[in-house]
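Here is how the chains run, residue by residue.
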Amino acid sequence: MLHSVLLIANEVVEEAKRCHKPCIVFKVDYEKAYDSVSWEFLTYMMSRMGFCSKWIKWIEGCLKSAYVSVLVNEALNGLMSQAQAQRLYKGFLVGSNKVEISTLQYVDDTIFFREATMENVRAIKAMLRAFELHQGELWGRVLESKYGGWRNLDDALRVSRESIWWRDLKLVTQHPQHGHILNNSTLWKVNCGDKFEFWEDNWLGGAGSLLDKYLRLYTISSQQNQIIQHMGTVKDSGWEWEFRWRRTMFDNELDMAISFLKDVESHNIQQQERDQWVWMADSNGQYSIRSAYNVLREDIAEEIHDGAYEELWKLKVPTKIATFAWRLFRDRLPTKTNL
């Protein structure tokens, strides 16, 4: 099969060059994160940490398997096939019979051949973006299904029911210092109200949620645990809130209700866009590992600005000893608790 893929690709490129026919050749290679990790070292560390041989073989099987890449390949190829069926872009025509070549696949590699037009470039970009968003939404639904989503990051650890990755994420967000930094770097942007809960989430900003500020009204509301979108409707005049209560309000609750209405009516619900998080640590508003690392690193740098660690590196001791001391002071040793 690989031989056939190479021959077809060679014929397409040869005709494009010989006949001076503009052609887009776009190769997608799905590189798994562990492709750059030493598998021997990983196996050695699992053995040293006490994992049984059967478990280690299972992990090795996952690392050396191409099945994950094939499944991802098929998902993207499905998007491309639908777009081609709707004539959103055209493949490259080869020979006098004008055989259309659009996609070649082998394991975790995919090559797309297109006519060299801006329409095809924009179509490929749009489909790759759609594929990326779909994978992100699927990841979000998995977290929602297993753990209740990001709202439960503040819950206590439940080792027997949570993955290592989710536990680590909770430890970071619950850290008294790092968690506060990450939360301050995130801005809630409510548009159509499809993601944030009206009472429980702090979508208006300020000291807390509407539940915290108006607990008495929350207890008599018939719309607890509802997203913002379900708290009103769009009329000809625009968005209108529709609140429902379990009982008629008492006279001593009216002032609180007026203050509550002023708070919520100050925000205009926009139906054209979905709710989103804005990452303030990057100018484009998109979260990245690099920007989060830089935010935490800057805070750590301020914390150790007293120069104590600078003096550590000046000591006339072996580098291994200085490194061990630094890791000890920073609680970075691979102890059972940290792992």
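Look up a bit, the structure's there.
Residues numbered from 1 in each chain as written. Predicted model: local features only at pLDDT ≥ 70, side-chain atom pairs only at ≥ 80, totals over all residues. Heavy atoms only, no water.

Draft legend 1. Representation of the overall build of the protein chain. Counting its regular elements, the protein chain contains 13 helices and nine strands. In the protein chain, the proportion of contacts linking residues at least 24 apart, taken out of those at least 6 apart, comes to 59%. Summed over its atoms, the accessible surface of the protein chain is roughly 23200 Å², and 57% of this surface lies on carbon and sulfur atoms. (Helix = DSSP H or I, 4+ residues; strand = E, 2+ residues; numbered from the N terminus. Contact = heavy atoms within 4.5 Å. Areas by Shrake-Rupley, 256 points an atom, 1.4 Å probe, with all protein chains shown as cover.)

Draft legend 2. The arrangement of the side chain of Glu-253 in detail. Looking at the element boundaries, Glu-253 is found in the loop between strand S8 (238-241) and helix H10 (254-265). On the accessibility criterion, Glu-253 (0% relative accessible area) is buried. Those residues in contact with Glu-253, other than ones at most four positions away along the chain, are Arg-216, Ile-220 and Arg-247. (Buried < 20%, exposed > 50% of the residue type's maximum accessible area, 1.4 Å probe, protein only.)

Draft legend 3. Representation of the pattern of salt bridges. Tallied over the entire structure, the rule returns nine salt bridges. For the salt bridge of Glu-14 with Arg-18, the shortest nitrogen-to-oxygen distance reads 2.8 Å. Residue Glu-14 and its partner Arg-18 are both found in helix H1 (residues 2-18); the two are separated by four residues, about one turn of the helix. Lys-213 is paired through a salt bridge with Asp-263; the nearest N and O atoms lie 2.9 Å apart. Of this pair, Lys-213 sits in helix H8 (residues 210-213) while Asp-263 sits in helix H10; the two residues are 50 residues apart in sequence, bridging distant segments of the chain. With relative accessibility at 51%, the residue Lys-213 sits in the exposed group. Via salt bridges that share partners, Asp-194, Lys-195 and Arg-274 belong to a single interconnected network. (Salt bridge = Lys/Arg side-chain N within 4 Å of Asp/Glu carboxyl O.)

Draft legend 4. View of the environment of Gln-226. For Gln-226, the location among the structural elements is in the loop between helix H9 (215-219) and strand S7 (232-235). Each C-alpha atom of the pair Gln-226 and Asp-194 lies 9.9 Å from the other, and the pair is 32 residues apart in sequence. In this structure Gln-226 touches Glu-197, Phe-198, Glu-200 and Met-231, once residues within four positions along its chain are discounted. Side chain to side chain, Gln-226 and His-230 meet in a polar contact 3.4 Å long. (Polar contact = N/O pair within 3.5 Å; in protein donor to acceptor, adjacent residues only side chain to side chain.)

Draft legend 5. How the structure looks around the nonpolar core. The biggest cluster of nonpolar side chains holds 18 residues, and the ones touching the most others in it are Phe-198, Trp-199, Trp-203, Leu-210, Ile-228, Trp-241 and Phe-260. Elements with a contribution of two residues or more to this core: H9, S8 and H10. Residues in contact with Trp-199, not counting those within four places in the same chain, are Ser-209, Leu-210, Leu-211, Tyr-214, Leu-217, Tyr-218, Ser-221, Gln-223, Gln-224, Met-231, Trp-245 and Phe-260. Counting residues in each nonpolar core, the second largest holds 10 residues, with Ala-9, Ala-16, Ile-101 and Leu-104 among its members. (Core = buried A, V, L, I, M, F, W, Y, C linked by side-chain atoms within 4.5 Å.)

Draft legend 6. A look at the environment of Ser-221. With respect to the element layout, Ser-221 can be found in the loop between H9 and S7. According to the relative accessible area criterion, Ser-221 is buried, its value standing at 0%. For the pair formed by Ser-221 and Phe-243, sequence separation is 22 residues and the distance between their alpha carbons is 7.8 Å. Excluding its chain neighbours within four sequence positions, the residues that come into contact with Ser-221 are Trp-199, Arg-244, Trp-245 and Arg-246.

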